[in-house]
Amino acid sequence: MRVLVVDDEVRLAEGIRRGLEAEGFAVDVAHDGVDGLWRARETRYDAIVLDLMMPGMSGWKVCETLRAEENWTPVLMLTAKDGEWDQVEALETGADDYVTKPFSFVVLVARLRALIRRGAAERPVVLEAGDLRVDPRAHRVWRGDDEIAVTAREFAVLEHLMRHRGDVVSKRELIAGVWDDDFEGDPNIVEVYVGHLRRKVDKPFGRAAIETIRGVGYRLAAHGG
């Protein structure tokens, strides 16, 4: 089983390497995100152990880039002990699992073996509505051949609408699905993000896919507008 370890803490990375080799793994090590990305592109690995915070190129960016290139090698992210949002973003970026620092080596090995047993995830289905396409795993959006840049929150709103395309989705449902049930902010935030999306995925292309159903909510046309 061949594993790539990417961590800018040299002593930690070497410690992980020695420990994994003692467990029977073949291990390559990179000490920055750029080198790690290059190695992940050039060599077929069974899994990648990837530190989140690194100079030059973060683990987020490395993972996001690999997924955008349709590289589905299982990624185990190393995150800060108290970085709850780091952990969430790691998973949303495409990581398969995470271990918080400081970590138990026994747990690291167990998580890694579990990932390798599962193998690389199959490419998830790309959501389509006409020529509007959303790739949930790679967090990418297209109209026809044109890729559209959206923020993480805009993507979440659009993905929710795409998963319910053709159906009316209430503002409350969007808040629960994209934010959470305990959201205490202004519910009109939904209108703000819907407006952002219209200016990105509809208006430049002469479309009107995202409809407002007055007094009820929003609907993304199944044909994509």
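In this convention, every chain numbers its residues from 1, walking through the sequence in written order. Local features in this predicted model are restricted to residues whose pLDDT is 70 or higher, and side-chain atom pairs enter the listing and the counts only when it is 80 or higher, whereas totals over whole chains, interfaces and linings include all residues. Think of the side-chain values as coming from all heavy atoms in the structure, minus any hydrogens and water.

Per an unreviewed UniProt entry, the chain goes by DNA-binding response regulator and derives from Microbacterium oryzae.

With respect to the overall build of the chain
Filter applied, for reference: In this text, helices come from DSSP runs of H or I with a minimum length of four residues, and strands from runs of E with a minimum of two, each type numbered from the N-terminal end. Here the term buried applies to any residue with accessible area under 20% of the maximum for its type, exposed to any over 50%, and partly exposed to those in between, with areas from a 1.4 Å probe on protein chains only. As used throughout, the charge tally considers Lys and Arg to be positive and Asp and Glu to be negative, leaving His and the chain termini uncounted. One atom stands in for each charge, and that atom is NZ of Lys, CZ of Arg, CG of Asp or CD of Glu.
Each helix and strand counted, the chain has eight helices and twelve strands in total. Summarising its shape, the C-alpha atoms of the chain cover approximately 65 × 40 × 30 Å along the three principal directions. Counting across all 225 residues of the chain, residues that qualify as buried make up 44%. Side chains of the chain carry 32 positive and 41 negative charges; the gap between the two charge centres is 2 Å.

With respect to the domain arrangement of the chain
Note the threshold: Start and end positions for the domains come from either an automated domain assignment or a database one. Whether two residues touch is decided by their heavy atoms; if any such pair falls within 4.5 Å, the residues are in contact. Reported buried area values correspond to the accessible surface (1.4 Å probe) lost by two parts on association, with both partners' losses combined. Within this document, salt bridges are pairs made up of a side-chain nitrogen of Lys or Arg and a carboxyl oxygen of Asp or Glu, the two lying within 4 Å of each other. Polar contact is defined as a pair of N or O atoms within 3.5 Å, subject to the rule that within protein one atom must be able to donate a hydrogen and the other to accept it, and that residues adjacent in sequence are counted only when both atoms are side-chain atoms. Residues are grouped as follows: Ala, Val, Leu, Ile, Met, Phe, Trp, Tyr, Cys and Pro are nonpolar; Asp, Glu, Lys and Arg are charged; every other residue, Gly included, is polar.
Structurally, the chain comprises domain 1 (2-120) and domain 2 (127-220). Look at where the C-alpha atoms of domain 1 and domain 2 centre, and you get two points 31 Å apart. Contacts between domain 1 and domain 2 engage seven residues on the former and four residues on the latter. Together domain 1 and domain 2 conceal approximately 510 Å² of surface at their shared face, both sides included; 46% is due to carbon and sulfur atoms. Ranking the residues of domain 1 by area buried against domain 2 places Ala68, Trp72 and Glu92 at the top, with a combined share of 62%. Applying the counting rule to domain 1 against domain 2 returns zero salt bridges. Taken together, the links from domain 1 to domain 2 amount to zero residue pairs in polar contact (both at pLDDT 80 or more). Contributing elements (two or more residues each) for the side of domain 1 that touches domain 2: helix H3 (59-68) and helix H4 (84-93). Here the residues of the side of domain 1 that touches domain 2 are counted per class, giving two nonpolar, two polar and three charged.

Considerations on helix H2 (residues 33-42)
Put simply, the rule reads: Working definition: the arc comes from the directions between the helix axis and the C-beta atoms, pointing outward to the latter.
For H2, the complete set of buried residues consists of Gly33, Gly36, Leu37 and Ala40. Angularly, the buried residues of H2 cover 100° about the axis, an arc narrow enough to put them on a single face. Its buried side turned inward, H2 meets strand E1 (2-6), strand E2 (26-30), strand E3 (47-51) and H3. Structurally, the start of H2 carries an N-cap: the backbone nitrogen of Val34 is 3.0 Å from a side-chain oxygen of Asp32.

Considering the sheet that holds strand E6 (residues 127-129)
Quick note on the threshold: For two strands to be treated as a pair, DSSP must find at least two bridges joining them. Note on method: axes are straight lines fitted to C-alpha atoms, helices fitted across the in-contact stretch only, with angles between N-to-C directions ranging 0 to 180 degrees.
Spatially, four strands are ordered E6-E7-E8-E9 in an open sheet, and the strand pairing comes out antiparallel. Of all the strands in the sheet, just E6 and strand E9 (146-148) have a single pairing partner and so form its edges. In this sheet, adjacent strand axes meet at a mean angle of 20° when their direction is disregarded. Strand direction decides the pairing type here: strand E8 (residues 140-143) and E9, joined by three bridges, are antiparallel. Its bridge partner lying in E9, Trp142 is registered against Glu147. Helix H6 (residues 152-163) contacts E6, strand E7 (132-135) and E8 of the sheet and is inclined by roughly 115° relative to E7.

Structural notes on unusual backbone geometry
In the segment running from Lys101 into Pro102, the intervening peptide bond is cis, with an omega of -10°. Along the chain, the position of Pro102 falls in the loop between strand E5 (97-101) and helix H5 (105-118).

A closer look at the packing of H6 against helix H8 (residues 189-202)
Inclusion rule: An angle below 35 degrees is treated as roughly parallel, one above 145 as roughly antiparallel, one from 65 to 115 as roughly perpendicular, and anything else as oblique.
Two numbers describe how H6 lies on H8: the axes approach to 10 Å, and their chain directions differ by 85°. Taken together, the axis directions place H6 and H8 in an arrangement best described as roughly perpendicular. Across the interface between the two elements, Arg153, Glu154, Val157 and Leu158 of H6 pack against Tyr193, His196, Leu197, Lys200 and Val201 of H8. Among the residues forming the contact of H6 with H8, the class breakdown is five nonpolar, one polar and three charged.

Some points on the pairing of strand E11 (residues 210-213)
Where E11 lies against strand E12 (residues 217-220), four bridges are found, and the strand directions are antiparallel. Within E12, the residue paired with Ile210 across the bridge is Leu220. Here E11 folds back onto E12, and the loop between the two strands holds three residues, one of which, Gly215, carries a positive phi near 75°.

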